[in-house]
Amino acid sequence: MATNRPHSLPSAWQGFVQPLRTVQPPIVAPEHLDAFLSEILLNLSDIREHSRTLLAALLARQRETPYVVKNIGDVVLSAALDWGPAYTSFTIQFPLADSVYKEEKARNPRFKDFLMVRQARCFARSPLTRSSPQDFQKRPESTKRGFDTFQSRPTFRGLRYTLILEQILKNTPEGDPDRDYLQQAIAVIKQQSLDANEGIATTKSKVACRDYARDLQQKPTDTMVRRVRLVPRCLG
């Protein structure tokens with residue numbers, strides 16, 4: 001269960017954050033870099049710690065019964081109660097983080113090349129040097145995945161955990177004490193998803209208003225239909 005690439009978040013740090021902080025000349029202006037990383041990474045560092053804690057707990061349980069792990073419901077329930085605020089906060093704020101990330105790709109050609117969106121032109125204007133980062137997907141730490149895969153991964157964890165736990169519950173016999181823990185864990189994770197979905201709607205409205213304000217600066221003659229549709233949402 002914890003084998004859903006628990007190392008992927010550290011890989012994102014190694015393949016993305018570190019090169020952006022050290023490359024010369026900078027890809028993102030140094031005075032804006034910290035704010036940019038904070039906006040797109042959100043609380044991924046907290047989620048990384050929760051993933052490590054869950055993995056450690058599952059490995060400890062495995063060592064208790066090396067051949068067949070019979071009970072994990074209590075482990076997952078405890079982890080779900082701990083990770084709830086972090087995962088919910090990340091999921092709610094993710095639409096805005098994704099918007100900031102995509103906007104930087106759209107306006108910053110070097111950032112776009114760095115992420116290997118246009119592979120054929122990646123750093124074509126100047127050869128790679130020792131101080132230049134390899135584009136993200138070519139770095140061994142990225143396991144051939146783009147940054148957006150790492151960035152969005154936590155938003156899918158709840159759904160995947162629920163599906164796995166439901167299958168485990170289905171194969172857990174009646175009377176097994178683990179059934180109650182599994183049912184509680186499933187209920188907790190589903191409630192976290194519901195809470196996150198409520199907040200996502202508000203964040204998406206903020207993203208729409210942010211995009212609208214940007215478009216007004218770029219295209220002052222934007223269509224009246226779009227203005228009528230978005231202005232009330234931005235004011236309300």
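Going by the structure above, here's the rest.
Position labels on residues start from 1 in each chain and follow its written sequence. For this predicted model, a pLDDT threshold of at least 70 governs which residues receive local features, and a threshold of 80 or more governs which side-chain atom pairs are given and counted, while totals over whole chains, interfaces and linings are taken from all residues. Side-chain metrics in this entry use all non-hydrogen atoms of the structure; hydrogen atoms and water are not considered.

### Thoughts on unusual backbone geometry
Trans peptide bonds make up most of the peptide bonds, and negative phi angles are found at most residues other than glycine.
Then, in step 1: Residue Pro25 follows Gln24 across a cis peptide bond; omega there is -5°.
Then, in step 2: Helix and strand definitions here come from DSSP, where helices need a minimum of 4 consecutive H or I residues and strands a minimum of 2 consecutive E residues; each element is numbered from the N-terminal end. Mapped onto the fold, Pro25 is located in the loop between α1 (8–22) and α2 (30–41).
Then, in step 3: Although it is not a glycine, Leu42 adopts a positive phi angle of roughly 55°.
Then, in step 4: Counting through the fold element by element, Leu42 comes out in the loop between α2 and α3 (44–64).
Then, in step 5: Note on exposure labels: buried denotes an accessible area under 20% of the residue type's maximum, exposed denotes more than 50%, and partly exposed covers the range between, all computed with a 1.4 Å probe on protein chains only. By relative accessible area, which is 29% here, Leu42 ends up partly exposed.

### Focus: the nonpolar core
Then, in step 1: To qualify as a nonpolar core, a set must consist of buried Ala, Val, Leu, Ile, Met, Phe, Trp, Tyr and Cys residues joined through side-chain atoms within 4.5 Å. Membership of the largest hydrophobic core comes to 39 residues, with the highest contact counts inside it found for Phe16, Leu20, Phe36, Leu37, Ile40, Trp83 and Phe111.
Then, in step 2: Broken down by element, the residue count for this core peaks at 12 residues, all from helix α4 (residues 73–107).
Then, in step 3: Contacts: residue pairs with any heavy atoms within 4.5 Å of one another. In this structure, Leu37 is in contact with Phe16, Val17, Leu20, Arg21 and Leu42, ignoring residues within four places of it in sequence.

### Some points on α2
Then, in step 1: Expected helix span is taken as 1.5 Å per residue step, with the number of steps being one fewer than the number of residues. Between the first and last C-alpha of α2 there are 17 Å, a value that for 12 residues agrees with the 16 Å anticipated at 1.5 Å per step.
Then, in step 2: Along α2, the residues classified as buried are Leu33, Phe36, Leu37, Ile40 and Leu41. Down the axis, α2 shows its buried residues gathered within 105° of arc, on one side only. Working note: the arc is built from the helix axis to C-beta atom directions.

### Re the packing of α2 against α4
Then, in step 1: Lines are fitted to the C-alpha atoms to define the axes, a helix being fitted only along its stretch in contact, and any angle between axes, read from their N-to-C directions, falls within 0 to 180 degrees. Relative orientation of the contacting elements α2 and α4 amounts to 130°, with a least axis distance of 7 Å. By the angle class used here, α2 and α4 are oblique. In this structure, α2 contributes Phe36, Glu39, Ile40 and Leu41 to the contact, and α4 contributes Phe90, Ala97, Val100, Tyr101 and Glu104.
Then, in step 2: Side-chain classes are defined by residue name, with Ala, Val, Leu, Ile, Met, Phe, Trp, Tyr, Cys and Pro counting as nonpolar, Asp, Glu, Lys and Arg as charged, and the others, Gly among them, as polar. Residue composition of the contact of α2 with α4, grouped by class: 7 nonpolar, no polar and 2 charged. Each angle is binned into one of four classes, with values under 35 degrees roughly parallel, values over 145 roughly antiparallel, values of 65 to 115 roughly perpendicular, and all other values oblique.

### What to know about the pattern of salt bridges
Then, in step 1: Salt bridges are defined as contacts in which a side-chain nitrogen from Lys or Arg sits within 4 Å of a carboxyl oxygen from Asp or Glu. Per the stated rule, a full pass over the model turns up 9 salt bridges.
Then, in step 2: For Asp74, the salt bridge is made with Arg61, and the minimal N-O distance between the two is 2.9 Å. Remark: Arg61 occurs in helix α3 and Asp74 occurs in helix α4; sequence separation between them is 13 residues.
Then, in step 3: Judged by relative accessible area, which is 28%, Asp74 ranks as partly exposed.
Then, in step 4: Here Glu103 makes a salt bridge to Arg210, at a shortest N to O gap of 2.8 Å. Remark: Arg210 occurs in helix α8 (residues 178–218) and Glu103 occurs in helix α4; sequence separation between them is 107 residues.

### Topic: the environment of Ile92
Then, in step 1: Here Ile92 shows up in helix α4.
Then, in step 2: With a relative accessible area of 17%, Ile92 lands in the buried category.
Then, in step 3: For Ile92 and Ala201, which are 109 residues apart along the polypeptide, the C-alpha to C-alpha distance reads 8.3 Å.
Then, in step 4: Discounting residues that sit within four places of it in the chain, Ile92 has contacts with Asp195, Ala196, Gly199, Ile200 and Thr203.

### Quick word on helix α7 (residues 154–170)
Every α-helix carries 3.6 residues per turn, so stepping three or four residues along brings you back to the same face.
Then, in step 1: For α7, with 17 residues, the first-to-last C-alpha span of 25 Å sits near the 24 Å given by 1.5 Å per residue.
Then, in step 2: Those residues of α7 not exposed but buried are Pro154, Arg157, Gly158, Tyr161, Thr162, Leu165 and Leu169. Taken down its axis, α7 places every buried residue within 125° of arc, on the same side. Facing away from the buried side of α7, by more than 90 degrees, are the exposed residues Leu159 and Lys170.

Worth remembering: the numbers are spatial, not functional.
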